[in-house]
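Here's the letter readout for the chains.
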Amino acid sequence: MKISIANKSSDAEALAELFSINLTPDYISHSELQGYRALKPGQWANDIHLQFLREIGERLAQPLKTMPAKGNWRGVIEAHGNDKLVGLAFVTISRESAVPFGIIEDIVIDKTHRGAGLGKEMMLWLIDGLRDAGISRVFLESGLGNTGAHHLFEQLGFKQVSIVMMRDL
Ligand SMILES: CC(C)(COP(=O)(O)OP(=O)(O)OC[C@H]1O[C@@H](n2cnc3c(N)ncnc32)[C@H](O)[C@@H]1OP(=O)(O)O)[C@@H](O)C(=O)NCCC(=O)NCCS
């Protein structure tokens, strides 16, 4: 699998399509509800493909071989197997805190390629890339019911630090 930082020449439409066709209701966590992606727990926005396309467009910039060692950054990581797009991740770096940190905001492996170690390979690539950029802490969040993914994250050393609560008024 070839993993790289997506840039302005990347196929934004293919990235948005990969995200859209691999969605499940249990993926939705509070950040989906705090933006334009989802309307309520378990319910994606009707125009979710357009929302992904917009978000990806905002993150594609000049080509980068590695994550930047200075400043804040928001990027998309793409993974190809046999020249076919098989995975993506959204990553943010924030250096405006006592301990600078990364966030793996999204990670998606195409349904037909799951269970073959690609998700773990991509997570390890992201962790190494953040470490090489001088980042020593990484966060992620995931929908409460997305227990399969939690299994993978726990295996990689992630631990729960918060419980997010919500109430509709
Ligand atoms: C989560 C996801 C990225 C994992 O990708 P993957 O390529 O299927 O995972 P891998 O094959 O690398 O699995 C790595 C390990 O995690 C475990 N794992 C992965 N998905 C699992 C699941 N759904 N249930 C149980 N265990 C799971 C595997 O058993 C494996 O363990 P092992 O190394 O002991 O064999 C993929 O299932 C996905 O895209 N899901 C939809 C999007 C999502 O939920 N993303 C995470 C929230 S941000």
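Remember, predicted model here, so these are calculated numbers, not experimental data.

Visitor: Give me the side chain of Ser 4: which residues, what numbers.
Guide: Mapped onto the elements of the fold, Ser 4 is located in strand β1 (residues 2–5). Excluding residues that lie within four positions of it along the chain, Ser 4 makes contacts with Val 76, Ile 77, Glu 78 and Trp 125.

Visitor: I'd like to hear about the sheet that holds strand β4 (residues 73–81), residue by residue, with values.
Guide: With mixed pairing, five strands are arranged side by side in an open sheet as β1-β4-β5-β6-β7. Both outer strands of the open sheet, β1 and β7 (138–140), are each paired with one neighbouring strand and no more. Direction aside, the axes of adjacent strands within the sheet are offset by 25 degrees on average. Two elements, β4 and strand β5 (residues 84–94), share nine bridges in a ladder whose sense is antiparallel. Paired with Gly 81 across the strands is Lys 84, a residue of β5.

The rules we used
- Residues numbered from 1 in each chain as written.
- Predicted model: local features only at pLDDT ≥ 70, side-chain atom pairs only at ≥ 80, totals over all residues.
- Heavy atoms only, no water.
- Helix = DSSP H or I, 4+ residues; strand = E, 2+ residues; numbered from the N terminus.
- Contact = heavy atoms within 4.5 Å.
- Pairing = 2+ DSSP bridges.
- Axes fitted to C-alpha atoms, helices over the stretch in contact; angles between N-to-C directions.

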